[in-house]
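# Close look at the chain arrangement
In case you want the letters, here they are:
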Amino acid sequence: MLSNVRIERTESPKTKPNPEKLGFGQYFTDHMLLMDYSAEQGWHDPRIVPYAPLTLDPAAMVFHYGQAVFEGLKAYRTAEGGAQLFLPERNAKRLNRSLERMSMPKLEPGVLTEAIQALVGVDQDWIPEAEGTSLYIRPFIIATEAMLGVRASSSYLLAIVMSPVGAYFDGGLKPVDILVEPHDVRAVRGGTGAAKTAANYAGGLKAQAAAKEAGCAQVLWLDALERKYVEEVGSMNVFFRIDGQVYTPVLNGSILEGVTRGAVIELLEDWDVMFTARPLSIQELVQAAANGTLEEAFGTGTAAVISPIGGIRWNGQLYPINGGQVGELSQKLYDTITGIQRGMVRDVYGWTVPAVAEQEELRAGV
Ligand SMILES: *Cc1c(COP(=O)(O)O)cnc(C)c1O
């Protein structure tokens, strides 16, 4: 439970951005939520304050040893004018797994979702309405102790900021090509790949730039030990349909467990689609692409939901998938998940949660 969140409202609300030009993560709402951790008091003093720069000591441990974890989820405007979150408790559980891996203090159950609902309540007029748009929510936790000794910090800051974001795909799903990264690896078993921690992304930027240079939208990461098995695509999990069977790499300790991945697996099982999580070698996949049995491939993540893959570039050769067309299953998964998120498809799975706590709705006269 989150106790008494102090709310300090801004006296100068910002002008809202053009809803047709939101892009991703460029604009931020009027408020942010902050909460402190100290060894003596634990997590304390949750407060919603006007969005503003943070002041940190230059010796704050996050700048030196990288204790920083984050989450990403969205609030969606529903057809009836309400707002809902998608599986926020799974983000909360993953945040705790990330915190534990990075020697950082965990949050009590319910705290993250309640903090998000409180903040969305204050800035609910920032949730955009057009199809495909949403309010992206970015909780993060950083080490704040001013100290250069190498050990875990004794103090931390939790912050939540929110950004209205545009449609990932304008005018329908668009397959993209991906580049199999031959040199760099994203993560290694025993490392931090299963945690949503900042350094994993810094280490991936070089390969991402190389992919762009090769005309590909994303990197397809291979495992670090054998450079043989596929792990993820960019910062998305990845699925393949071969001969009517759907596969995704099995969680092996270096793969980030996506919330979208979990929802896709539940749908496949509910739809009686044959599904297996197992190691998938790049050799097996390009062979299937070459002989036409690789029917569909797609990435899954909060930003795009489903991102169809049009071709795999490996060893200087492009292996097209499904003639570069969006697959039937990719489209059905996309329509179902986005439909549930927007309240257009009945949520028989219990995946959605109100984005605003009830008292806040009353206060705002909703
Ligand atoms: C966040 C993330 C994902 C996708 O997770 P979702 O919860 O589905 O958004 C996949 N891989 C990596 C590396 C990520 O950071």
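In this numbering scheme, every chain counts its residues from 1 along its sequence in written order. In keeping with the model being predicted, local features are shown solely for residues with a pLDDT of at least 70 and side-chain atom pairs are shown and tallied solely at 80 or more, while totals for entire chains, interfaces and linings include all residues. Side-chain measures were taken over the full set of non-hydrogen atoms in the model, leaving aside hydrogen atoms and water.

### Some points on the overall build of the protein chain
To qualify as a helix, a DSSP run of H or I must reach at least 4 residues; to qualify as a strand, a run of E must reach at least 2; elements of each kind are numbered from the N terminus. A count of helical and extended segments in the protein chain gives nine helices and 18 strands. Each of the three principal axes of the protein chain carries a C-alpha extent, and together these read 60 × 55 × 35 Å. The 366 residues of the protein chain split such that 51% are buried. Whether two residues are in contact is decided by their heavy atoms, any of which lying within 4.5 Å being enough. Sequence separation of 24 or more characterises 71% of the internal contacts of the protein chain that already satisfy a separation of 6 or more. Distance between charge centroids for the protein chain: 3 Å, based on 32 positive and 43 negative side chains. Here's how the labels work: a residue is buried when its accessible area is under 20% of the maximum for its type, exposed when over 50%, partly exposed in between, all with a 1.4 Å probe on protein chains only. None of His or the chain ends enter the tally, which takes Lys and Arg as positive and Asp and Glu as negative. Charge positions are represented by NZ for Lys, CZ for Arg, CG for Asp and CD for Glu.

### Comments concerning the nonpolar core
The nonpolar side chains of a soluble globular protein tend to be buried with one another. One finds L107, I116, V120, I137, I141 and I160 to be the most contacted residues of the largest nonpolar core, which totals 47 residues. Examining the composition of this core, we find that eight residues originate from one element, helix α3 (residues 111-122), more than from any other. The residues touching L107, leaving out its near neighbours within four places in the chain, are M35, W43, L95, N96, L99, L112 and I141. In these notes, a set of buried Ala, Val, Leu, Ile, Met, Phe, Trp, Tyr and Cys residues joined through side-chain atoms within 4.5 Å is what counts as a nonpolar core. Listed in part, the 24 residues of the second largest apolar core include L220, V230, A297 and I321.

### A look at the domain arrangement of the protein chain
As used throughout, domain bounds are those supplied by an automatic or database domain assignment. In terms of domain boundaries, the protein chain breaks down into domain 1 (6-170 + 348-364) and domain 2 (176-325). Here the C-alpha centroids of domain 1 and domain 2 sit 28 Å apart. Taken together, the contacts link 22 residues of domain 1 with 25 residues of domain 2. Think of a salt bridge as a Lys or Arg side-chain nitrogen and an Asp or Glu carboxyl oxygen that are within 4 Å of each other. Linking domain 1 with domain 2 are two salt bridges, by the criterion used here. Put simply, R90 and E266 hold a salt bridge, and the shortest N to O gap is 3.0 Å. Any pair of nitrogen or oxygen atoms within 3.5 Å is treated as a polar contact; in protein, a donor-acceptor pairing is required on top of that, and neighbouring residues in sequence qualify only through side-chain atoms on both sides. Put simply, domain 1 and domain 2 have twelve residue pairs in polar contact (both at pLDDT 80 or more) between them. Elements represented by at least two residues in the side of domain 1 that touches domain 2 include exactly β4 (68-70), β5 (73-77) and α2 (88-101). If one sorts the elements of the side of domain 1 that touches domain 2 by residue count, α2 sits on top with six residues. Gly is placed with the polar residues, together with every amino acid not listed as nonpolar (Ala, Val, Leu, Ile, Met, Phe, Trp, Tyr, Cys and Pro) or charged (Asp, Glu, Lys and Arg). Classifying every residue of the side of domain 1 that touches domain 2 by side-chain character gives twelve nonpolar, four polar and six charged.

### Quick notes on the site of the ligand
To be near a molecule or strand, a residue needs just one of its heavy atoms within 4 Å of it. The immediate surroundings of the ligand are formed by 14 residues, with K196, Y201, E232, T260 and T302 found nearest. Backbone polar atom of V259 to an oxygen atom of the ligand: 2.8 Å apart, as the coordinates give it. Isolated, the ligand exposes 380 Å² of accessible area, and the fraction of that covered by the protein chains is 96%. Grouping the amino acids of the shell around the ligand by side-chain chemistry returns four nonpolar, six polar and four charged. To measure how exposed things are, a 1.4 Å probe is used in the Shrake-Rupley method; for residues, cover is taken only from the protein chains shown.

### Focus on α2
For a helix, the expected span equals 1.5 Å multiplied by the residue count minus one. Look at α2: 20 Å from first C-alpha to last across 14 residues, which is about the 20 Å you get at 1.5 Å a residue. Within α2 the residues assigned to the buried category are P88, N91, A92, R94, L95, N96, S98 and L99. S103, located one to two residues past α2, shows a positive phi value of around 55 degrees.

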